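Architecture at a glance
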Amino acid sequence: MNRAFNLMLGFVLAMPVSALADGDPVAGAAAFKACQACHTATEAKNKVGPSLQGIVGHPVATVAGYKYSKAMTDFGAGKVWDDALLAEYLKAPKVLIKGTKMAFAGVKADGDIANIIAYLKDPAAAGQ
């Protein structure tokens, strides 16, 4: 059992700090302001981009009433927006999905990404 514990401890210590952090929805609401021109997280209303209300755990490229690019629908086949996929996408959308309509270059700080994901999970926790 000691060996198993040491292996697990080594794995946890090797993980990036952002993978261990849950993020702060209040800070995420502030970071999400960069997204608000095109998205909402508190209403089922599409803007230039799809509504992100309830997006965590939702199948990729399936928000009702939004016309996705072929690149996004092809990418999204069989995928669900979980923390890891959102983090990868938010970091560099155009790198992950060549041909996406999303013009945003990405969120550079891992802490901001974790906070935005926390906010998307529970906008009400940020007073939204």
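Shown above is the structure to which this text applies.
Residues numbered from 1 in each chain as written. Predicted model: local features only at pLDDT ≥ 70, side-chain atom pairs only at ≥ 80, totals over all residues. Heavy atoms only, no water.

**Comments concerning the overall build of the protein**
Operational definition: Strands are runs of DSSP state E lasting at least 2 residues, helices are runs of H or I lasting at least 4, and numbering of each runs from the N terminus. Exposure is judged per residue with a 1.4 Å probe applied to protein chains only, and the accessible area is read against the type maximum: over 50% gives exposed, under 20% gives buried, and values in between give partly exposed. The contact rule is simple, with two residues in contact once any of their heavy atoms fall within 4.5 Å. Values of accessible area rely on a 1.4 Å probe in the Shrake-Rupley scheme; residue burial ignores everything except the protein chains shown.
Scanning the protein from terminus to terminus reveals 7 helices and 0 strands. From first element to last, N terminus to C terminus, the protein shows the α and β order α-α-α-α-α-α-α. Going through the 128 residues of the protein one by one, you find that 34% of them count as buried. Within the protein, residue pairs in contact and separated by at least 24 positions form 42% of the contacts whose partners lie at least 6 positions apart. Element-wise, carbon and sulfur atoms account for 62% of the exposed surface of the protein, whose accessible area totals about 7700 Å².

**Focus: the environment of Gln128**
Residue position: Gln128 is located in the segment after helix H7 (110-121). Looking at Gln128, the relative accessible area reads 48%, which means it is partly exposed.

**Remarks on the packing of aromatic side chains**
Stated precisely, the cut-off is as follows: Between 30 and 60 degrees the pair is tilted, below 30 it is stacked and above 60 it is edge-to-face, where a pair is any two Phe, Tyr or Trp rings, Trp via its six-membered ring, whose centres lie within 6.5 Å. Here, over-ring charges are defined by two tests on the NZ atom of lysine or the CZ atom of arginine: distance to the ring centre within 6 Å, and angle to the ring normal within 35 degrees.
Per the stated rule, a full pass over the model turns up 3 aromatic pairs. Judged by centre distance (4.8 Å) and plane angle (75°), the ring pair of Tyr66 and Tyr68 falls under edge-to-face. A centroid spacing of 5.2 Å and a plane angle of 55° characterise the contact between Trp81 and Tyr89, whose relative ring orientation is tilted. Given a relative accessible area of 7%, Tyr89 falls into the buried group. Directly above the aromatic system of Phe75 lies the positively charged group of Lys79, at a separation of 4.3 Å from the ring centroid.

**Overview of the layout of surface pockets**
Counted only if it meets this: A 1.4 Å probe that fits but cannot get out identifies a cavity on a 1 Å grid over protein atoms alone, an open set with protein on both sides within 12 Å along at least five of seven lines counts as a pocket, and a residue lines either if it has an atom within 4 Å of a point. Grid points are joined across faces, edges and corners, and a volume is the space filled by probe spheres set on the points. Each residue gets one label: Ala, Val, Leu, Ile, Met, Phe, Trp, Tyr, Cys and Pro are nonpolar, Asp, Glu, Lys and Arg are charged, and the others, such as Gly, are polar.
Empty space within the largest pocket amounts to approximately 470 Å³. Taken together, 25 residues form the lining of the largest pocket, with His39, Gly49, Pro50, Tyr89 and Met102 sitting closest to its centre. Residue contributions to the lining of the largest pocket peak at 3 residues, all from helix H5 (residues 83-91). Among the residues forming the lining of the largest pocket, the class breakdown is 20 nonpolar, 4 polar and 1 charged.

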